[in-house]
Amino acid sequence: MRKIFLAFLLVAFIYPSAFAQNKNLPNIVVLATGGTIAGTGASATGSSYTAGKVRIEEMIDAVPNIRELANLKGEQTTNVGSQDMSVEVWLILANRINELLAKDDVDGIVITHGTDTQEETAFFLNLTVKSEKPVVLVSAMRSSTALSADGPLNLYNGVAVAASPKAKGKGVLVVINDAILSAHSVKKMLTTPVHAFMSPEHGQLGTANFGLVEFFHEPHGLHTINSQFSVVGVKSLPRVDIIYGCADVSTDLIDLMVKAGAKGIVIAGVGDGNINKGTLAAAKKATKKGTHIVRASRIPVGAVLIHGEVVDTDYGTVASDELSPQKARIVLMLALQQNKNISREELQELMINY
Ligand code: ASP
């Protein structure tokens, strides 16, 4: 944390907010966090590579004509594979973005990121950035040294979206493989191909085609200036763990997590957020003692219904509605940070509204 913060201070010092280039172009700050887009491998045709190797200046310089879209300034927030993304970095990013977007001479933000947890970072920022200016995450499924690397075009399109007035007020966006996807609805659906990201419930918001930006839909859920969550001065969030449901899932996991310090638990249940009898009994005990338990689903597409096979009021649980387990976890963490005594009913509302 300390290292990240010092690096961040150094970067902020070296790069004051001056954009000394073309006055007719928008000013975009690119915050780099690593990922495959910044990855390198020994062979252009091998599947093996290391994420988070290339620094942001080099990444920008590798994209032809990108400086014709906007005046760009890079900041290296961190440089990790997004499997190592953390709440600490989320808090640094959210606060830095709010600081940058409050300036008149910053028109938008692009964040380079790994694909593995990209939807989580996007959703976290969707709930904590307080601006209508565009915030766009870009990533890549192929490393920068791979044959047909997808990162350069994704970065080009991401900058085009961040520079577009059409992207204002749309919440945090993910731009990949020519698609513009909302932070609320985007999901990584496939492990390795370039068309890995989709919004199966709501569809993509628009397209970015060699920098040509079109929007077709509005995003779902409350976001940015309409979000009630703020992380100003927040240094950490309450621990919330996820249990992955399966046949005969161990029934002592809830107790073990609470003992380890979890303040809330999300269950990626089977089907419509279902849980075996033993886990349901443990959930009832835990909610009575004040630990919030959210029922989400391990199924990638579709909502978890309030009062499906599980009647939530009988067990003190909350249904995640359309939120995946990892996004429901973010709402639960932010809700507990804002009010550790939040009621089951209030939490249920949040799951539906965000
Ligand atoms: N593990 C990588 C990451 O999330 C994968 C990627 O970026 O595609 O950083």
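Refer to the structure presented above.
Residues numbered from 1 in each chain as written. Predicted model: local features only at pLDDT ≥ 70, side-chain atom pairs only at ≥ 80, totals over all residues. Heavy atoms only, no water.

**Looking at the nonpolar core**
Thought 1: Judged by nonpolar contacts, the single largest core of 57 residues is most densely connected at I97, I109, F124, L125, L347 and M351.
Thought 2: With sequence-adjacent residues up to four places away left out, L125 is seen in contact with W90, L93, A94, I97, I111, L137 and V172.
Thought 3: In this structure, A32, M59, V161 and L173 belong to the second largest nonpolar core, which totals 32 residues. (Core = buried A, V, L, I, M, F, W, Y, C linked by side-chain atoms within 4.5 Å. Buried < 20%, exposed > 50% of the residue type's maximum accessible area, 1.4 Å probe, protein only. Contact = heavy atoms within 4.5 Å.)

**Considerations on the site of the ligand**
Thought 1: Neighbouring residues of the ligand: G35, T36, Y49, G81, S82, Q83, G114, T115, D116 and A140.
Thought 2: At 2.5 Å, a side-chain N or O of S82 approaches an oxygen atom of the ligand.
Thought 3: At 3.1 Å, a backbone N or O of A140 approaches an oxygen atom of the ligand.
Thought 4: Here the ligand has 260 Å² of accessible area as a free molecule, and 93% of this is covered by the chains.
Thought 5: Its residues assigned to classes, the shell around the ligand shows two nonpolar, seven polar and one charged. (Near = heavy atom within 4 Å. Polar contact = N/O pair within 3.5 Å; in protein donor to acceptor, adjacent residues only side chain to side chain. Areas by Shrake-Rupley, 256 points an atom, 1.4 Å probe, with all protein chains shown as cover. Nonpolar A, V, L, I, M, F, W, Y, C, P; charged D, E, K, R; others polar.)

**Section: unusual backbone geometry**
Thought 1: Of note, the phi angle at S148 is positive, near 55°, even though the residue is not glycine.
Thought 2: If you trace the backbone, S148 turns up in the loop between β4 (135-138) and α5 (151-162).
Thought 3: Taking the relative accessible area as the measure of exposure, S148 reaches 53% and is therefore exposed. (Helix = DSSP H or I, 4+ residues; strand = E, 2+ residues; numbered from the N terminus.)

Everything listed here is a matter of coordinates, which is why it stays silent on function.
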